[in-house]
Amino acid sequence: MTSTRRTARRVVCGWMGLAAAGGLLAAPGVSMAQAADLFYERTVMAAADARCGLFQAPIGAALAASRMQARGAAVRAGVDRASLAATERRAWAKAASSPCDSDDLSLAAARVRHAFDGYAQLSRMTYPGELAEWRADRASGPAIRWRLQQTASFGWNRMIFGLAGREGANSLMAVAHFPDGQVPYAAHLVLRDASTTQGPYLDNRGQPLATLPLARRLPPPAARSVYSAEARSPAGLDLTPKDMKSAWAFRFPPSAAQALAQLDPREAVAVEFLFGAGEGEAVRRAYVEVGDFAAGRAFLQVASR
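Residues numbered from 1 in each chain as written. Predicted model: local features only at pLDDT ≥ 70, side-chain atom pairs only at ≥ 80, totals over all residues. Heavy atoms only, no water.

> Help me understand the state of the cysteines in this model?
Evaluation of the coordinates by the stated rule reveals one disulfide. Here Cys52 is linked by a disulfide to Cys100, with a sulfur-sulfur distance of 1.9 Å. For the disulfide bridge between Cys52 and Cys100, the dihedral angle about the S-S bond is near -75°, and by the sign convention the bridge is left-handed. Remark: Cys100 occurs in the loop between helix 3 (81-96) and helix 4 (103-121) and Cys52 occurs in helix 1 (residues 32-52); sequence separation between them is 48 residues. The class for Cys100 is partly exposed, based on a relative accessible area of 34%. (Disulfide = S-S within 2.5 Å. Helix = DSSP H or I, 4+ residues; strand = E, 2+ residues; numbered from the N terminus. Buried < 20%, exposed > 50% of the residue type's maximum accessible area, 1.4 Å probe, protein only.)

Pasting the structure below:
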């Protein structure tokens, strides 16, 4: 596999325009119309693939990951949920109206294969956010490593958060270093409860969203869900950078990763580390930007299909 930041190229076919593998999405200032069009195009082809079996698994998985990335770009550009839902319905209707053996669909599928073939071979991707970024690594091999990660500093403390494990086995984890030597006895992942809320809480108070601190991208306590870490241990060298002399690792349940993937990319989640009495602060809190977590998670699935 090759390693690169996103490929920037454009493929045009007779049925639709198709921006390949996220090049346009990596650029700043993507317009609402551009982002919505990309989401529509990729949804059409994903729907057509589901109905007609157009692509082999690596290409289909790469298209699915890129579709999630396009959806996130549309949300950040300002496309509301109702408009996104309408766009998705139009895309499914477009795919349903085209015979699987039509010349137009065959040509579009050939263009997708050409556009996404290189993307399907990538081992690493970087997904820039507004304040942070996700780094994905789906290289094969038996070693445990970070597969999707975001780093955060909170006070003097540092954390790496994301999906870690061997190829195809990714656990949601937080690895944190505390310079004062204190040891947290537990960790919680705090995020919006999507089942009881209509959308994100973004406390911008007139401030541009792109500069809104992550602490103001969480909902009030009544609208939150909390996932407790199900395991704690000293972090191994395979999950800690060389300059992190010691750290503690916490593993969260799979349901927490699924809940995180359902959130709006503009939101944030918090990881709270709990300390016992007499150890200074009772809670130390790190914030993570949701960003393209769902797209990065889908990108990892390309390797396991």
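Let us keep going from here.
> Any chance you could explain the layout of surface pockets here in plain terms?
The method is simple in principle: a probe with the dimensions of a water molecule rolls over the atoms, and the space it marks as empty is what remains. A volume near 450 Å³ is recorded for the largest pocket. Along the wall of the largest pocket there are 26 residues; nearest its centre are Arg71, Ala261, Gln262, Leu263 and Asp264. If you list the elements that add at least two residues to the lining of the largest pocket, you get helix 2 (57-77), helix 3, helix 5 (254-261) and helix 6 (293-301). Residues of the lining of the largest pocket, tallied by class, amount to 13 nonpolar, seven polar and six charged. (1 Å grid on protein atoms, 1.4 Å probe; cavity = no way out; pocket = protein on both sides within 12 Å on 5 of 7 lines; lining within 4 Å. Points joined across faces, edges and corners; volume = space filled by probe spheres on them. Nonpolar A, V, L, I, M, F, W, Y, C, P; charged D, E, K, R; others polar.)

> Teacher, can you tell me more about the pattern of salt bridges here?
Think of it this way: side chains of opposite charge can pair up when their charged atoms draw near. Taken as a whole and assessed by the stated rule, the structure comprises 14 salt bridges. Notably, a salt bridge pairs Arg135 with Glu133, separated by 2.8 Å at the nearest N-O pair. The exposure class assigned to Glu133 is partly exposed, which follows from its relative accessible area of 26%. The salt bridge partner of Arg192 is Glu267, with a shortest N-O separation of 2.8 Å. Residue Arg192 is located in strand 9 (residues 186-192), and its partner Glu267 is located in the loop between helix 5 and strand 13 (268-274); the two are separated by 75 residues in the primary sequence. Neither Arg192 nor Glu267 differs from the other in exposure class; each is buried. (Salt bridge = Lys/Arg side-chain N within 4 Å of Asp/Glu carboxyl O.)

> Help me out: how do you make sense of the pairing of strand 12 (residues 248-252) in this one?
In regular strands, side chains alternate between the two faces of the sheet. Across five bridges, the pairing between strand 8 (residues 171-177) and strand 12 is antiparallel. Bridge assignment links Met173 to a residue of strand 12, and that residue is Arg251. Bridging between strand 11 (residues 231-234) and strand 12 involves four bridges; their strand directions are antiparallel. In the strand pairing of strand 12, Arg232 is matched with Phe250. (Pairing = 2+ DSSP bridges.)

> Before we go on, may I ask you to explain the packing of helix 2 against helix 6 in this structure?
Helix packing for two helices is described by the angle between their axes and how far apart those axes are. Interhelical geometry of helix 2 versus helix 6 gives an angle of 175° and a closest axis separation of 8 Å. Overall, the two elements helix 2 and helix 6 adopt an arrangement that is roughly antiparallel. Here Ala65, Met68 and Gln69 of helix 2 come into contact with helix 6, specifically with Ala294, Ala295, Ala298 and Phe299. Here the contact of helix 2 with helix 6 is built from residues that sort into six nonpolar, one polar and no charged. (Axes fitted to C-alpha atoms, helices over the stretch in contact; angles between N-to-C directions. Parallel < 35°, antiparallel > 145°, perpendicular 65-115°, else oblique. Contact = heavy atoms within 4.5 Å.)

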